[in-house]
Amino acid sequence: GFQTVTSQYPRGSQWSLYAGDTYKVTPKLSVNYGIRWDVSTPATEKFNNLSFFDPLGTNPEAGRLGSLAFAGTNWGEASFGRRHPEETWFKGVAPRLGVAYSLTNKTVLRTGYGIFYANAYYPGWNGGVSQDGFSANPTFSSSLGGLQAAFLLDQGFPQNFPKPPFIDASADNGSGSINYRPFNANRLPYAQQWNLTVEHQITSNFYVNASYVGNKGTRLLSAVAPLNALDPSLLSRGQQLFDTFSPGQASLDNVSAPYANWAGESQCTPYVAQALLPYPQYCSSLFGQNENAGSSTYHSFQVKAENRFSHGIWLLGAYTFSKLLTNTDNVQTGSLYSAHYIISPFERERNKGLSEDDVPQLLSLALTYDLPVGRGKRFMDHAGVLNKAVGGWQVSTIARFTSGTPLYFRSGTCNIPGQFAEGCIPAILPGANPWAQSKSNFDPSQPLLNVNAFENPNSFNFYAGQGPRISNLRGFGYHNEDLSLVKNTQLTEHVGIQFRAELFNVWNWHVYDCTSQCEGTLAFTNDVASPSFGMWNGQVSTPRNIQFGLKLIY
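Since the model is a prediction, treat every value here as computed from it, not as a measurement. (Residues numbered from 1 in each chain as written. Predicted model: local features only at pLDDT ≥ 70, side-chain atom pairs only at ≥ 80, totals over all residues. Heavy atoms only, no water.)

(A) View of the overall build of the protein. A count of helical and extended segments in the protein gives three helices and 18 strands. Taking 24 Å as the expected radius of gyration for a compact globule of 554 residues, we find that the protein reaches 31 Å, considerably beyond that expectation. Across its three principal axes, the protein shows a C-alpha extent of roughly 95 × 60 × 60 Å. With 554 residues in all, the protein has 42% of them scored as buried. Contacts spanning at least 24 positions in sequence make up 72% of the contacts within the protein whose residues lie at least 6 apart. (Helix = DSSP H or I, 4+ residues; strand = E, 2+ residues; numbered from the N terminus. Rg over C-alpha atoms; globule rule 2.2 N^0.38 Å. Buried < 20%, exposed > 50% of the residue type's maximum accessible area, 1.4 Å probe, protein only. Contact = heavy atoms within 4.5 Å.)

(B) Here's a closer look at the pattern of salt bridges. Within this structure, the stated rule accounts for eight salt bridges. In this structure, Asp-38 engages Arg-36 in a salt bridge whose closest nitrogen and oxygen atoms are separated by 3.0 Å. Judged by its relative accessible area of 4%, Asp-38 is buried. Note on Arg-36: relative accessible area 29%, which makes it partly exposed. (Salt bridge = Lys/Arg side-chain N within 4 Å of Asp/Glu carboxyl O.)

(C) Fine view of the packing of aromatic side chains. The tally for this structure, following the rule as stated, stands at 25 aromatic pairs. Their ring planes at 80° and their centres at 5.3 Å tell us that Phe-454 and Phe-533 sit as a pair that is edge-to-face. You can see Phe-454 sitting in the loop between strand E15 (393-402) and strand E16 (478-490) and its partner Phe-533 sitting in the loop between strand E17 (496-504) and strand E18 (545-553), a full 79 residues away along the chain. Across the pair, exposure class does not vary: Phe-454 and Phe-533 are buried alike. Positioned above the aromatic ring of Phe-183 is the side chain of Arg-82, whose terminal nitrogen or guanidinium carbon lies 5.8 Å from the ring centre. One Lys or Arg, Arg-219, reaches over the ring of Trp-89 and ends 4.9 Å from the middle of that ring. (Phe/Tyr/Trp six-rings, centres within 6.5 Å; stacked < 30°, edge-to-face > 60°. Lys NZ or Arg CZ within 6 Å of the ring centre and 35° of its normal.)

(D) Seen up close, the pairing of strand E5 (residues 92-104). One ladder, built from 10 bridges, connects strand E2 (residues 29-45) with E5; its direction is antiparallel. Within the sheet, the bridge partner assigned to Trp-37 lies in E5 and is Val-93. Sheet analysis places E5 next to strand E6 (residues 107-117), joined by eight bridges and oriented antiparallel. Each bridged residue has a counterpart across the sheet, and for Leu-97 the counterpart in E6 is Tyr-113. Taking the residues between adjacent antiparallel strands as the criterion, E5 and E6 are bridged by two residues. (Pairing = 2+ DSSP bridges.)

(E) Layout of a nonpolar patch on the surface. Taken together, the side chains of Leu-17, Ile-35, Trp-37, Phe-90 and Val-93 present a nonpolar region at the surface, about 490 Å² in accessible area. The residue Trp-37 is located in strand E2 in this model. Look at Trp-37 and you get partly exposed, because its relative accessible area is 34%. (Patch = residues over 30% accessible without salt bridge, like charges linked within 9 Å, V, L, I, M, F, W, Y side chains within 5 Å. Areas by Shrake-Rupley, 256 points an atom, 1.4 Å probe, with all protein chains shown as cover.)

(F) Representation of the pairing of E2. When strand E1 (residues 10-26) meets E2, the two strands line up antiparallel, connected through 15 bridges. Counted as the bridge partner of Tyr-18 is Arg-36 from E2. With antiparallel pairing between neighbouring strands as the criterion, E1 and E2 make up a hairpin whose turn holds two residues.

Take a look at the structure:
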């Protein structure tokens, strides 16, 4: 018989092979070329104690497709055959090409193209390994209103419960936790990257670099294609979707019960909406844990200028103008207000739009100044104790200015059954002004956004709204300046000390916005059904932070 499983041993491997070379075609022209091959084997469990959803397997209890499968061949009729659900993909061939050409002795033209594969992804600490059917969680309840104990410890732990493992293709029927790893998910995510750069040296200490950089992401990690979801056209059934089957009831509202005893045995509420699902035996929407149906497109124009002045001054300025479109962002969250789990898989084309992290304009200025004091410097060029006290000081600063990230809007009032894997996204009404006040003269005690410019939350009754996943409205831009003071002191030929004083956001500027990892933490309430819609919720950029450090170098 089968043995109870007490541990799990996830396994996976990554294989890469690369070859490349640089060829000097002429004194002015160099070509760098290469090719890489990547294979990332799907996660397995050392002893095949692994189970997962098989969309093509017959569920014996339900008499329809969609079953729990067990890895390998040692589990009888419930065996899947392969050790993992994914088909191992061996076509991860990635060519690379780079060309550099000297137009003049001061001007260089560079261009390149490459394909770059990422690793296969499995969420959680268990490498995508689920062991449904290999364990049990028995519960025991007291009786007589708590006067009768569930069991007595001195009599031992009760054994009157079914013992695992349960090697049964129907073992997860009625559950919402079945592990779904799509068969095609081992086709690795990849990005195509291309660039064109012109670099010109104006003087021996001053050069300018201008670039176009593009990127196309394909098969990215996503959450846009749940398998067990209803077509939005079925919303026309209205309140019928919430009608509930009684145990043994064969049909309701002209919808047949999926199989005998479905309403009586399932942990899912036996709504009509549940009965209409492709896999009504499962409560889950079946989001693929390693689904890679996402894509992105990035274009940018980048300019950089660097100048080394005399007397120890170095200045770098950089500006980027860009646009990032995607249908997937941070898929680690799944709340109603996030950018995911919100648009029906039957309307996936609506997902493509601005990334929630899109920042079209970014300007940074960096300055470093070696103070002209101490040994080998312009002033007080002395050795000894005086040099150690006043020499070796360096001041550096960097200032950043960026556009604001896009806002997105949701409605907490959303009467749509969860079986549609869809939320409610309010659109801005035609001709309406979404701003309640100007961002240039913002009063944080008043709403920034005008709720009357959006679809009324009371309209989201079996209706999901017409808004985009991410809007083209932006929050406040971000600006910041950091300052550091460094003192390098050489004690002996091989031993030195470095002192650092660093001030982050040195001017203590505050911005009413989220500046990083903004999913679910927008600075303004984005729920049109909330009385505080459009109000600043307290999110603000980081205040001034000062830190000191001392490092021994030897």
